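Close look at the chain arrangement
If you want the building blocks of each chain, they are given just below.
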Amino acid sequence: LLKLRWESGTSIVPTELREKLSTHEMALMKEYDELLTGYMDETGVQITDDLDPPKSIKITVRVLKDMEDLWTEEGFMAMAKDTVHHVRRTDVEHLIKQGFLKHTA
C-alpha cells in the first residue's frame, strides 16, 4: 500500500483494490497519506513526483494553451500556443501538470 502511494503520487486507491482492503489497511493508507502530504507541504518538496532521476536537465515541451511569457533562468520565453521550447525541467514541471505544456519525446 505504501509503495502504491509513492508510485501513483496520489492517495486514490483503485476501486478493485479498495474493495479488498480491510478497515485497518484503509486507515493505514489514510494516515500515511496525511503524513506524506504534510511533509511535502511543510518542506515545499514534492518527493513523490519523479522517483527516477531525469536523463537530462532540459526537456522539450510544446505549448498547448496560450499563456503569458515565462520567466526562466535563461530569461523570458514567449509561450504562444503550438510553439516548441527546450527548457529546464524545473522551470516547467508545474505547467506540464497544469496542462499548459506537454513534454515531447
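As a reminder, the structure under discussion sits directly above these lines.
Residues numbered from 1 in each chain as written. Predicted model: local features only at pLDDT ≥ 70, side-chain atom pairs only at ≥ 80, totals over all residues. Heavy atoms only, no water.

1. What about the overall build of the chain?
On a plain count of helices and strands, the chain comes out with four helices and five strands. Taken from the N to the C terminus, the helices and strands of the chain come in the order α-α-α-β-β-β-β-α-β. Against the compact-globule benchmark of 13 Å for 105 residues, the chain has a radius of gyration of 18 Å, which places it well outside the compact range. Expressed as a percentage of its 105 residues, the buried residues of the chain come to 22%. Look at the contacts in the chain between residues 6 or more apart in sequence, and 55% of them connect residues 24 or more apart. Put simply, the chain shows about 7,700 Å² of open surface, and 55% of that area lies on carbon and sulfur atoms. For the chain, the distance from the average position of its 14 positive side-chain charges to the average position of its 20 negative side-chain charges is 6 Å. (Helix = DSSP H or I, 4+ residues; strand = E, 2+ residues; numbered from the N terminus. Rg over C-alpha atoms; globule rule 2.2 N^0.38 Å. Buried < 20%, exposed > 50% of the residue type's maximum accessible area, 1.4 Å probe, protein only. Contact = heavy atoms within 4.5 Å. Areas by Shrake-Rupley, 256 points an atom, 1.4 Å probe, with all protein chains shown as cover. Lys, Arg positive; Asp, Glu negative; His and termini not counted. Charge placed at Lys NZ, Arg CZ, Asp CG, Glu CD.)

2. With respect to the nonpolar core
Of all hydrophobic cores here, the largest spans ten residues; its members are Ile59, Val61, Val63, Leu70, Met77, Met79, Val87, Val92, Leu95 and Leu101. If you list the elements that add at least two residues to this core, you get strand S1 (58-63) and helix H4 (89-97). Counting residues per element, this core draws most heavily on S1, at three residues. Apart from residues lying up to four places away in sequence, Val92 is in contact with Ile59, Val61, Leu70, Val87 and Leu101. (Core = buried A, V, L, I, M, F, W, Y, C linked by side-chain atoms within 4.5 Å.)

3. Notes on the packing of aromatic side chains
Scanning the entire structure with this criterion turns up one aromatic pair. Directly above the aromatic system of Phe100 lies the positively charged group of Lys65, at a separation of 5.2 Å from the ring centroid. (Phe/Tyr/Trp six-rings, centres within 6.5 Å; stacked < 30°, edge-to-face > 60°. Lys NZ or Arg CZ within 6 Å of the ring centre and 35° of its normal.)

4. Considerations on the environment of Pro14
Its place among the elements puts Pro14 in the loop between helix H1 (2-8) and helix H2 (15-18). Taking relative accessible area as the criterion, Pro14 reaches 32% and is therefore assigned partly exposed. Taking C-alpha positions, Pro14 is 26 Å from Leu95, a pair spaced 81 residues apart along the chain.

5. Here's the deal with helix H3 (residues 23-43)
Because an α-helix completes one turn every 3.6 residues, residues spaced three or four positions apart along the sequence face the same direction. Helix length check: H3 (21 residues) gives 30 Å between terminal C-alpha atoms against 30 Å at 1.5 Å per residue, within 8%. Those residues of H3 that fall on the buried side of the exposure criterion are Met29, Asp33, Leu36 and Met40. All buried residues of H3 project into a common sector of 75° when viewed along the axis, lining one side. In H3, the exposed residues that point more than 90 degrees away from the buried face are Thr23, His24, Lys30, Glu31, Leu35, Asp41 and Glu42. Contact partners of the buried residues in H3: H1. Phi for Gly44, located one or two positions after H3, is positive at around 75°. (Expected span 1.5 Å × (residues − 1). Arc of directions from axis to C-beta.)

The analysis is restricted to geometry; functional conclusions fall outside its scope.
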